[in-house]
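# What the coordinates show
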Amino acid sequence: MPTDTLTEHFEEHRPMLLGVAYRMLGRAADAEDVVQEAWLRWTAEDRAEVREPRAFLVRITTRLAIDRLRQAQARRESYVGPWLPEPVVTDFGPTAPDTAERALLADSVSLAVLVVLESLSPLERAVFVLREAFGFPYAEIATALDRSEAAVRQLAGRARRHVDEGKPRYDVDPAERRDLTERFLAAAAGGDLGDLLALLAPDVRLVGDSGGKSKAPLRIIESADKVGRFLHATSQGAGEIFEIRFLELNGAPALLALVDGTPDSVFQIEVLDGRVQCVYIIRNPDKLQALVGL
């Protein structure tokens, strides 16, 4: 197969491969590395052995991601404080022309779902991602993972149950989340603790990820009073330091705080019944590199 044809086949499937790898790993940089390794194996493969390029590329990418995920899980045991996925800008564009399909893609890449996926085994996670996010047939997943179709169906059922049990119920209406995010920012910047508390659910949670490399809570903060007071205390004077931008990250509205043009923090909220149910704060500088220049 000519080199230009090899490249065309690969580039055609690259967005999907990146999507699979990111949902498997929760790190954009790791996903890029996996897809680059898949490219090298693609170019080195005997063309006579490749009957279906998409199936081959998905198989290689998934297996590479599983290997890397096993290594990452061992490293995360020593991670300082709560771990959150690396935020990524989401623009599904022509890959999801249908509203329902776009909603499915957005949900599968949400911070809440990716956090729950951390509780799955690498094989369960691979099956869940391929089946639930990308709709691959069980037979094709079985081939990719070198498992029987019956085994894949068992893995899929177990993964689905774990996700259903672990995933919090949130409202996903983007307009409501954007509105509440703007009100949340105004209340925090305005310095009125009462206004801020009025937006928080009684059992709200705040999850901060710094990896020990910047200031953020090393434990999850729970309850409206504790979360409200923490946000109130940390927001005092912050308006003079930060430049705030709205953007879509992981399928939902988010706030990007910059200092001298450099990403400092990402804030995103989860909403239910018009109240903030969870606040995510990502301050690990390693996880904000992809947002430089936005």
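So, here is what we can say about the structure in this document. Since the model is a prediction, treat every value here as computed from it, not as a measurement.

## What to know about the overall build of the protein
The helix and strand tally for the protein stands at eleven helices and six strands. For 294 residues, the compact-globule estimate of 2.2 N^0.38 gives 19 Å, and the protein sits close to it at 20 Å. With the C-alpha coordinates of the protein rotated into their principal frame, the extents come out at 70 × 40 × 40 Å. The contacts of the protein with a sequence gap of at least 6 include a subset with a gap of at least 24, amounting to 66%. Looking at the protein as shown, the accessible area adds up to about 14,200 Å², and 50% of this sits on carbon and sulfur atoms. The protein carries 36 positive and 46 negative side-chain charges, and their two centres are separated by 5 Å.

## A word on the side chain of N250
Here N250 lies in the loop between strand 3 (243-249) and strand 4 (252-259). There is a polar contact of 2.8 Å between the side chain of N250 and the backbone oxygen of V109.

## Quick word on the pattern of salt bridges
Counting across every chain of the model gives 20 salt bridges. A salt bridge links E11 to R14, with the nearest nitrogen and oxygen atoms 3.1 Å apart. Of the two residues, E11 and R14 are both situated in helix 1 (residues 3-25); the distance of three residues between them amounts to about one turn of the helix. We classify E11 as partly exposed; its relative accessible area is 38%. A salt bridge links K287 to D209; the shortest N-O distance between them is 2.6 Å. Residue K287 is located in the segment after strand 6 (275-282), and its partner D209 is located in strand 1 (residues 200-209); the two are separated by 78 residues in the primary sequence. Accessibility expressed as a relative area gives 2% for K287, which makes it buried. Overlapping salt bridges bring together D30, D33 and R68 as one network.

## Details of the nonpolar core
In this structure, F10, L17, M24, L117, V127, I141 and L145 are the most contacted members of the largest nonpolar core, which totals 46 residues. It is helix 1 that provides the largest number of residues to this core, a total of nine residues. Once residues within four sequence positions are removed from consideration, L145 is found in contact with T62, R63, I66, L123, A126 and V127. Core analysis: the second largest hydrophobic core is formed by 18 residues, F184, A188, L196 and V271 among them.

Basis of the calculations
- Residues numbered from 1 in each chain as written.
- Predicted model: local features only at pLDDT ≥ 70, side-chain atom pairs only at ≥ 80, totals over all residues.
- Heavy atoms only, no water.
- Helix = DSSP H or I, 4+ residues; strand = E, 2+ residues; numbered from the N terminus.
- Rg over C-alpha atoms; globule rule 2.2 N^0.38 Å.
- Contact = heavy atoms within 4.5 Å.
- Areas by Shrake-Rupley, 256 points an atom, 1.4 Å probe, with all protein chains shown as cover.
- Lys, Arg positive; Asp, Glu negative; His and termini not counted.
- Charge placed at Lys NZ, Arg CZ, Asp CG, Glu CD.
- Polar contact = N/O pair within 3.5 Å; in protein donor to acceptor, adjacent residues only side chain to side chain.
- Salt bridge = Lys/Arg side-chain N within 4 Å of Asp/Glu carboxyl O.
- Buried < 20%, exposed > 50% of the residue type's maximum accessible area, 1.4 Å probe, protein only.
- Core = buried A, V, L, I, M, F, W, Y, C linked by side-chain atoms within 4.5 Å.

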